[in-house]
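Notes for the structure review
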Amino acid sequence: NAGVTQTPKFQVLKTGQSMTLQCAQDMNHEYMSWYRQDPGMGLRLIHYSVGAGITDQGEVPNGYNVSRSTTEDFPLRLLSAAPSQTSVYFCASSYIEADPYGYTFGSGTRLTVV
Amino acid sequence: AQSVTQLDSHVSVSEGTPVLLRCNYSSSYSPSLFWYVQHPNKGLQLLLKYTSAATLVKGINGFEAEFKKSETSFHLTKPSAHMSDAAEYFCVVSLNYGGATNKLIFGTGTLLAVQP
C-alpha cells in the first residue's frame, strides 16, 4: 500500500545510546519531515527536507541529525539519546512543503529513553 | 508571528449530540487550514482542509469546518457524534507567502471523548 512507513514502531534506549528511526515513502513526494509529539504540546518540527540532498532544521533540531540521499528515504538519527527525547516521532511527506492537500503521516515510532 | 490555538484540551459529548471543537489562528497572510484526527496509537489522518475556496469545508466522516476570517476561527463541527469519533483532533495552519513556503504549525490538540 502506498504511504509513509516508519520503523520501528516501539524502541527503548538507554541514555547515551544511538539509533536511527527509519522513514520511507513511495509516493514520489519531494517534501519529508520529522515531528515529535509530546503531551499538551502538539507536534513540533524537528528537521525537514524539500528534496534529495537538501535538509534544514525545524523548531527543535538539537540532538537529532538527518540526511536525504534518495527521494524515498529520510532517516532520523539520535546520536546520544537523552531522557528528554522520550516521545512519539512522526514522519510526514507531501508533494511540496506547503501542500494545500496536506501531509501524509506515518503511524509513528514510540521511543523511550531510560 | 503565526500561531494556532485550540481553545479546549478536552471535550466530552454524548453519542448522538453535536460536536464543536474550537480553533483560532493568527496570521498576517492568507492561510491554509487543516484539521487532522489521531486515533489512539495511530498516525494522523487528514480530516478536511481550507485553501481559500469555499469557506464552509466538508470533510470525511460527517465533519465540517467554517473559515471565518473576521473571527480568525476555523471551528470543527459534526451534527451527531459517534463512538468512533473519540480521538484527538489537531488544528493546523500552513502559510503561503505569495508562492514561497512555510512549515505546518500545529495546535496542541483537543481530546474528544464520546459517552454512550
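Quantities reported herein were computed from a predicted structural model and do not represent experimental measurements.

Along chain A, the regular secondary structure elements total zero helices and eleven strands. Going residue by residue from the N terminus, the α and β elements of chain A occur as β-β-β-β-β-β-β-β-β-β-β. Computed over its C-alpha atoms, the radius of gyration of chain A comes to 13 Å, within 12% of the 13 Å expected for a compact globule of 114 residues. If one aligns the C-alpha atoms of chain A with their principal axes, the spans along those axes are about 35 × 30 × 30 Å. In chain A, buried positions account for 51% of the 114 residues.

Within the structure shown, the criterion is met by two disulfides over all chains. Covalently, C23(A) is tied to C91(A) through a disulfide, its sulfur atoms 1.9 Å apart. Between C23(A) and C91(A), the disulfide has an S-S torsion of -70° and is therefore left-handed. Placement of C23(A) in strand 3 (residues 19-25) and of C91(A) in strand 9 (residues 87-94) is noted, with a sequence separation of 68 residues between them. Taken individually, C23(A) and C91(A) each receive the classification buried, so the pair is uniform in this respect. C23(B) shares a disulfide with C91(B); S-S distance 2.0 Å. Looking along the S-S bond of the C23(B)-C91(B) disulfide, the torsion reads about -70°, which is the left-handed sense. Within this pair, whereas C23(B) is found in strand 4 (residues 23-26), its partner C91(B) is found in strand 10 (residues 87-95), the two being separated by 68 residues in sequence. Note on accessibility: C23(B) and C91(B) belong to one class, buried.

Here the focus is the confidence of the model for chain B. Of all residues in chain B, 90% have pLDDT values of 70 or greater, and the mean over the chain is 88. Of all secondary-structure elements in chain B, the lowest mean pLDDT belongs to strand 11 (residues 105-106) of chain B, at 86, while strand 3 (residues 19-21) of chain B reaches the highest, 98.

Core analysis: the biggest nonpolar cluster contains 26 residues, and L21(B), W35(B), L48(B), F74(B), L76(B), Y89(B) and L112(B) have the highest contact counts within it. At four residues, the largest contribution of residues to this core is made by strand 10 of chain B. Counting 20 residues, the second largest nonpolar core, distinct from the first, contains W34(A), V60(A), Y89(A) and L111(A).

Each value, and the rule that gives it
Residues numbered from 1 in each chain as written. Chains lettered and ligands numbered in written order. Predicted model: local features only at pLDDT ≥ 70, side-chain atom pairs only at ≥ 80, totals over all residues. Heavy atoms only, no water. Helix = DSSP H or I, 4+ residues; strand = E, 2+ residues; numbered from the N terminus. Rg over C-alpha atoms; globule rule 2.2 N^0.38 Å. Buried < 20%, exposed > 50% of the residue type's maximum accessible area, 1.4 Å probe, protein only. Disulfide = S-S within 2.5 Å. pLDDT = per-residue confidence, 0-100. Core = buried A, V, L, I, M, F, W, Y, C linked by side-chain atoms within 4.5 Å.

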